[in-house]
Amino acid sequence: MQIREILTLKSDKIYSIAPTDRVESAVARMVELGVGSLVVLKAGEMVGLLTERDVVRGMVAHGCDLKDTEVSAIMVADPVVANADDSVDYARDVMTKSHIGHLPILDGNKLLAIISFHDVARACLKEANFENSLLKRYIKHWPE
């Protein structure tokens, strides 16, 4: 299964924030939208990624009050990315090895979406259930 297949199940909406916006407004936006990450855009181009984990790390590095801190101070400036044609297994492996929960997906240089580890896990379970169903059909008289 390719990452592109996960994207068909997701909204094509990409939530973003500017690098000069305050962390306080980024957190408020993530809470309002119910998302765990925001793409950091400058002049329409991705310059970073801000996740809930980055906010917590920023609290340790800059003190608990990030109200006046700019997003650029705590964002990941060069996030790990994947291609839409990469396999879901690749996404799972890179996310696990990099200890990240959100992965920007590119098609060439164009940002298509952000997938979460939850999206990847759901796709893996769906694929495993499908393969299991095929195997049960193959084995005669398998009890359902």
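Quantities reported herein were computed from a predicted structural model and do not represent experimental measurements. (Residues numbered from 1 in each chain as written. Predicted model: local features only at pLDDT ≥ 70, side-chain atom pairs only at ≥ 80, totals over all residues. Heavy atoms only, no water.)

1. Structural notes on the overall build of the chain
Next, step 1: Looking only at helices and strands, the chain features five helices and six strands.
Next, step 2: Counting from the amino terminus, helix and strand elements in the chain follow one another as α-β-α-β-β-α-β-α-β-β-α.
Next, step 3: In terms of overall dimensions, the chain is more spread out than a globule: its C-alpha atoms have a radius of gyration of 18 Å, far above the 15 Å expected for 144 residues.
Next, step 4: In terms of overall dimensions, the chain has a C-alpha envelope of 65 × 30 × 25 Å along the principal axes.
Next, step 5: For the chain, the centre of its 17 positive side-chain charges and the centre of its 21 negative side-chain charges are spaced 5 Å apart. (Helix = DSSP H or I, 4+ residues; strand = E, 2+ residues; numbered from the N terminus. Rg over C-alpha atoms; globule rule 2.2 N^0.38 Å. Lys, Arg positive; Asp, Glu negative; His and termini not counted. Charge placed at Lys NZ, Arg CZ, Asp CG, Glu CD.)

2. A look at the side chain of H102
Next, step 1: The residue H102 is located in strand β5 (residues 102–107) in this model.
Next, step 2: Overall, the relative accessible area of 19% leaves H102 in the buried class.
Next, step 3: Leaving out residues up to four positions away in the same chain, H102 has contacts with G36, S37, L49, T51, M95, I114, I115 and S116. (Buried < 20%, exposed > 50% of the residue type's maximum accessible area, 1.4 Å probe, protein only. Contact = heavy atoms within 4.5 Å.)

3. Re the nonpolar core
Side chains that are nonpolar tend, in soluble globular proteins, to be buried together.
Next, step 1: Counting 16 residues, the largest nonpolar core has I3, L7, L103, I105, I115 and V120 as the members making the most contacts within it.
Next, step 2: Mapped by element, the contributors of at least two residues to this core are α1 (3–7), α4 (88–98), β5, β6 (110–116) and α5 (117–138).
Next, step 3: Those residues within four positions of L7 in sequence are excluded, and the remaining contacts are A84, I105, L112, A113 and I115.
Next, step 4: In terms of nonpolar packing, the next biggest core, distinct from the first, is built from twelve residues, V23, L50, V55 and I74 among them. (Core = buried A, V, L, I, M, F, W, Y, C linked by side-chain atoms within 4.5 Å.)

4. Some details on the pattern of salt bridges
Side chains that differ in sign of charge can pair as their charged atoms come close.
Next, step 1: Taken as a whole and assessed by the stated rule, the structure comprises seven salt bridges.
Next, step 2: A salt bridge links D119 to K10; the nearest nitrogen and oxygen atoms lie 3.0 Å apart. You can see D119 sitting in helix α5 and its partner K10 sitting in the loop between α1 and β1 (16–17), a full 109 residues away along the chain.
Next, step 3: Residue classification places D119 among the buried positions, given a relative accessible area of 7%.
Next, step 4: When the shortest N-O distance is used, the salt bridge between R92 and D89 registers 3.0 Å. Of this pair, R92 and D89 both sit in helix α4, three residues apart, roughly one helical turn.
Next, step 5: We classify D89 as partly exposed; its relative accessible area is 38%. (Salt bridge = Lys/Arg side-chain N within 4 Å of Asp/Glu carboxyl O.)

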